[in-house]
Amino acid sequence: MNVVASFPPDSPSRLLAREVLIGGPLSRGELSRRLGLSVASLTRLSKPLIEAGILQEGNEILEGGVGRPTRPLEVPGGTHRFIGIKLTGDAASGVTTDLRCQTIGTAQEPLVSEAAADVVSAIVSVIDRLDDGNAVDGIGISIGGKVSDDGTVLRAPFLHWRDVPLGRLLHERTGIPVTVENDVVALTVGEQWFGAGRGISNFAVLTVGAGVGYGLVINDRVIAPVDAGLGLVGHYPVDSAGPLCQEGHRGCAGAVLTMAAIRGQFRVATEEECSYEEVLDRARNGDRIASLVVKNAGAALGTLVAAVANLTMVNLVVLSGEGVALADVASEEITAAILEHRDPEAAPVRLAREPTDFGQWARGAAAVAIQRSILGVAR
Ligand SMILES: [Zn+2]
């Protein structure tokens with residue numbers, strides 16, 4: 001990625017690389033239209049990127065079905081290496097990806113303590129285990145909490161951290177460029193560049209898991225103020241008859257929709273301790289209490305989707321997070337609640353459902369590292 005590193009942030013070469021990475025393969029004609037550049041400029045700008053293996057010429061196509069065949073530009077798969085790591089309160093979970101954010105390898109390391117030095121060591125051992133002999137171009141770390149632009153974790157409740165310069169500490173250990181980002185923001189970047197939001201200017205992301213997360217892309221920009229890391233949507237009211245959260249809100253998203261909340265409601269009713277997956281399974285199999293809890297959570301999620309779509313006017317909401325299987329079990333309740341809270345004249349809200357596993361969070365972290373190396377700046 002040394003070639004790109006020599007260009008100033010947001011330079012035409014970087015924007016060209018981004019356009020091909022997100023939208024490719026694209027013909028030179030289409031690219032010159034999108035970027036407002038002449039085909040001659042495009043050819044000049046693409047040459048060093050092709051030589052550096054960031055772009056390549058794809059198979060010949062007939063543009064518009066007529067004229068001379070052209071070879072579109074694309075980003076080759078399998079080249080370059082990025083590492084994305086999702087940090088939780090008890091583990092560092094990592095993926096290696098190529099420049100297209102396709103997963104090449106995964107590794108996980110438990111955290112022996114919450115001390116910054118121990119967490120950095122755990123991350124370093126994940127990086128070592130992901131080593132496949134190729135140089136790593138960038139490391140992205142994703143963490144639930146508030147993060148500053150310079151990679152300092154201002155607040156991470158799961159680790160009881162305040163003001164930990166994680167980016168600097170990790171860069172000192174590895175010598176590799178490091179980006180640190182709030183986990184939901186990173187996931188949103190991953191959706192925008194490489195997931196269900198590719199090529200879509202306005203969309204939102206809702207995550208269900210240990211918490212309830214919300215990400216937003218407006219006019220192709222991820223909306224990510226520092227307070228994005230506070231998880232503010234978690235206290236949005238979704239069920240006037242729901243249980244209380246720790247802040248005393250009745251039926252807020254955090255009290256109804258998190259995996260712990262769903263398990264907790266089932267436990268209160270049955271005095272049985274079940275995992276989240278078991279509660280969902282029982283609901284699938286028609287268990288009365290599990291069904292009530294899960295359907296109620298589905299209706300709450302639908303209410304939240306409708307609120308997001310109504311207030312931000314997006315028509316696509318991407319559902320993700322390790323608890324997103326809720327969306328499969330309670331899909332009817334989600335749809336019904338969305339319809340209930342939307343104007344019948346409004347455009348339908350499209351839902352995209354992403355995979356459940358932790359790899360998706362780690363890929364988001366890798367996406368931020370890729371974005372930083374392509375654009376020269378984050379976001
Ligand atoms: Zn609350």
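Residues numbered from 1 in each chain as written. Predicted model: local features only at pLDDT ≥ 70, side-chain atom pairs only at ≥ 80, totals over all residues.

Peer 1: For this particular structure, what's the right way to read the nonpolar core?
Peer 2: For soluble globular proteins, nonpolar side chains are generally found buried alongside one another. Within the largest apolar cluster, 108 residues are counted, with the highest numbers of intra-cluster contacts made by Val294, Val305, Val317 and Leu326. Counting residues per element, this core draws most heavily on helix H11 (residues 288-312), which supplies 12 residues. The residues touching Val294, leaving out its near neighbours within four places in the chain, are Ile262, Val279, Leu280, Ala283, Leu326, Val329 and Ala330. (Core = buried A, V, L, I, M, F, W, Y, C linked by C-beta atoms within 7 Å. Buried ≥ 20, exposed ≤ 12 C-beta atoms within 10 Å, placed from the backbone. Helix = DSSP H or I, 4+ residues; strand = E, 2+ residues; numbered from the N terminus. Contact = placed C-beta atoms within 7 Å.)

Peer 1: Honestly, the environment of Leu42 in this entry has me stumped. Any pointers?
Peer 2: Within the secondary structure, Leu42 is located in helix H4 (residues 39-51). What makes Leu42 partly exposed here is the crowd of 18 C-beta atoms within 10 Å. Along the sequence, Leu42 and Leu31 sit 11 residues apart, while their C-alpha atoms lie 7.9 Å from each other.

Peer 1: Quick question: what am I supposed to make of the sheet that holds strand E7 (residues 146-147) here?
Peer 2: Two pairing modes exist for strands in a sheet, parallel and antiparallel, and in both the strands are linked by backbone hydrogen bonds. Taking strand neighbours across the sheet as the criterion, the 3 strands line up as E7-E8-E9 in an open arrangement whose pairing is antiparallel. Two strands bound the open sheet, and with one partner strand each, they are E7 and strand E9 (161-164). (Pairing = 2+ DSSP bridges.)

Peer 1: Any chance you could explain the domain arrangement of the protein here in plain terms?
Peer 2: When the parts of a complex come together, some accessible area is lost, and that lost area is often used as the size of the interface. As far as domains go, the protein holds domain 1 (2-74), domain 2 (82-189 + 360-375) and domain 3 (198-353). A C-alpha centroid distance of 30 Å is found between domain 1 and domain 2. The interface of domain 1 with domain 2 comprises 8 residues on the first partner and 4 residues on the second. It is helix H2 (residues 12-23) that provides the largest number of residues to the side of domain 1 that touches domain 2, a total of 4 residues. Across the side of domain 1 that touches domain 2, the residue classes tally to 5 nonpolar, no polar and 3 charged. (Domains from an automatic or database assignment. Nonpolar A, V, L, I, M, F, W, Y, C, P; charged D, E, K, R; others polar.)

Peer 1: Explanation requested: the packing of helix H5 (residues 116-130) against helix H6 (residues 166-174) in the structure shown.
Peer 2: For any two helices packed against each other, one specifies the crossing angle of their axes together with the interaxial distance. Axis separation between H5 and H6 bottoms out at 10 Å; the angle between their running directions is 50°. Regarding the angle of H5 to H6, the classification is oblique. Crossing angle aside, the handedness with which H5 passes H6 is right-handed. Within the contact between the two elements, H5 uses Ala116, Val120, Ile123, Val124 and Ile127 and H6 uses Leu166, Leu169, Leu170, Arg173 and Thr174. Split by residue class, the contact of H5 with H6 holds 8 nonpolar, 1 polar and 1 charged. (Axes fitted to C-alpha atoms, helices over the stretch in contact; angles between N-to-C directions. Parallel < 35°, antiparallel > 145°, perpendicular 65-115°, else oblique. Left-handed = near helix turned anticlockwise from the far one by under 90°.)

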